[in-house]
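Breakdown of the fold
Residues per chain, in single letters:
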Amino acid sequence: MSLHDDAQALRDDLGGGESPERAFVLEVTRGKDSGRTVAIGPTSPGPFLVGTGPTCHLRLTDPRVARRHLALTHLGSRLKVVAFGGTRVGSVAVESAFVDGGEVLTLGESRLMVGTAPVPTERLSTKTSFGALLGASLELKKLHPLLARLAAGDGPVLIEGEPGSGKSTLAAALHEQGPRRGRPFVRVDGDEARLFGGGPPTRPVLSVFDVAAEGTVYVPELTTLSLSAQAQLLPLLAPASHAKGSARVLVATSKDVEREVAEGRLNDALLDALAPHRVELPPLRARHG
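Residues numbered from 1 in each chain as written. Predicted model: local features only at pLDDT ≥ 70, side-chain atom pairs only at ≥ 80, totals over all residues. Heavy atoms only, no water.

**Some points on the sheet that holds strand β14 (residues 157–160)**
On the basis of which strands lie adjacent, the open sheet formed by five strands has the order β15-β16-β17-β14-β18 and parallel pairing. Either end of the sheet is taken by a strand with one partner, and the two such strands are β15 (185–187) and β18 (278–280). Strand-to-strand, the axes of this sheet are offset by a mean angle of 20 degrees, without reference to chain direction. In terms of strand pairing, strand β16 (residues 216–219) meets strand β17 (residues 248–253) through four bridges, oriented parallel. Paired with Thr216 across the bridge in β17 is Arg248. The strands that helix α3 (residues 144–152) touches are β14, β17 and β18; relative to β18, the one it contacts most, it runs at about 145 degrees. Helix α4 (residues 167–176) rests against β14, β15, β16, β17 and β18 of the sheet, and its axis sits at about 150 degrees to β14. (Pairing = 2+ DSSP bridges. Helix = DSSP H or I, 4+ residues; strand = E, 2+ residues; numbered from the N terminus. Axes fitted to C-alpha atoms, helices over the stretch in contact; angles between N-to-C directions. Contact = heavy atoms within 4.5 Å.)

Structure, rendered in structure tokens:
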């Protein structure tokens, strides 16, 4: 198959690059949370998380369900399911699958029916950029409302995406489009001494938070920080630390954060603090047009 054929097949999988006029509806049909229903629309940015953790969009109380058990992403006419805990689609155990509607997902003692429903056609942004982040594709336009909210806010942000997807460009754009524009934007690449400061009294090293003051601190790869540094970073993300005079924290990663937590390389509490303000940039190959 040629590169052109690969690209066309992907466009077909994603509905030809057009916003399909339907949503996926998840209904809990068995388990302690039976009767709960949530919808994932075609303009909903992913991933949509299912689990028992406080940052999940669909939070279950089933003790056999993991804190972050499933990640669901609306891709054209299909729903992508990525399982971090034991999951079956029908009778088949899966780690990753695509569903079209009508399937039953089993996780722990719970069952989720995947249905579909028509939705009104939503007017997408006509902008072709967000700050210096350029792109007129549907995949990026879907993110514009979320990006505007994140830029206007003051909490920490987790930016996810493959290498080359524009994470650092987006971090700078969030700073420039927000109320901290004009203040310092300080990037720190895994240098923990520079991140938190210290050193002997005769030659103290200022932390990037001292340098940034009321600006923004950006860590381009979260998983390069040691677990001890992650623990030091955690209290700086608490709402009380967002008071006037403190820097905003933006972090990015190209890693699978749920897997990093499961394998002990990422502080679970740190991810919980970041997850409410989380954006995933689509890879370049999925940006059609």
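**What to know about empty space enclosed by the protein**
It is the rolling of a water-molecule-sized probe over the atoms that shows where space remains empty. Per the counting criterion, the structure on display carries one cavity of 30 Å³ or more. Secondary-structure elements contributing two or more residues to the lining of the largest cavity are α4 and β17. The residue inventory of the lining of the largest cavity, partitioned by class, reads four nonpolar, three polar and two charged. (1 Å grid on protein atoms, 1.4 Å probe; cavity = no way out; pocket = protein on both sides within 12 Å on 5 of 7 lines; lining within 4 Å. Points joined across faces, edges and corners; volume = space filled by probe spheres on them. Nonpolar A, V, L, I, M, F, W, Y, C, P; charged D, E, K, R; others polar.)

**Topic: the packing of aromatic side chains**
Applying the stated criterion across every chain, the model contains one aromatic pair. Centre to centre, the rings of Phe185 and Tyr218 are 5.9 Å apart; their planes meet at 25 degrees, and the pair counts as stacked. In this pair, Phe185 is assigned in strand β15 and Tyr218 in strand β16, connecting sequence segments 33 residues apart. (Phe/Tyr/Trp six-rings, centres within 6.5 Å; stacked < 30°, edge-to-face > 60°.)

**Let's talk about α3**
When α3 is considered as a whole, its buried residues turn out to be His144, Leu146, Leu147, Leu150 and Ala151. Each buried residue of α3 sits inside an arc of 155 degrees when the element is viewed along its axis, so together they form one side. Along α3, exposed side chains directed more than 90 degrees from the buried face belong to Arg149 and Ala152. Where α3 is buried, its residues contact β12 (129–130), α2 (138–141), β14, α4, β17 and β18. (Buried < 20%, exposed > 50% of the residue type's maximum accessible area, 1.4 Å probe, protein only. Arc of directions from axis to C-beta.)

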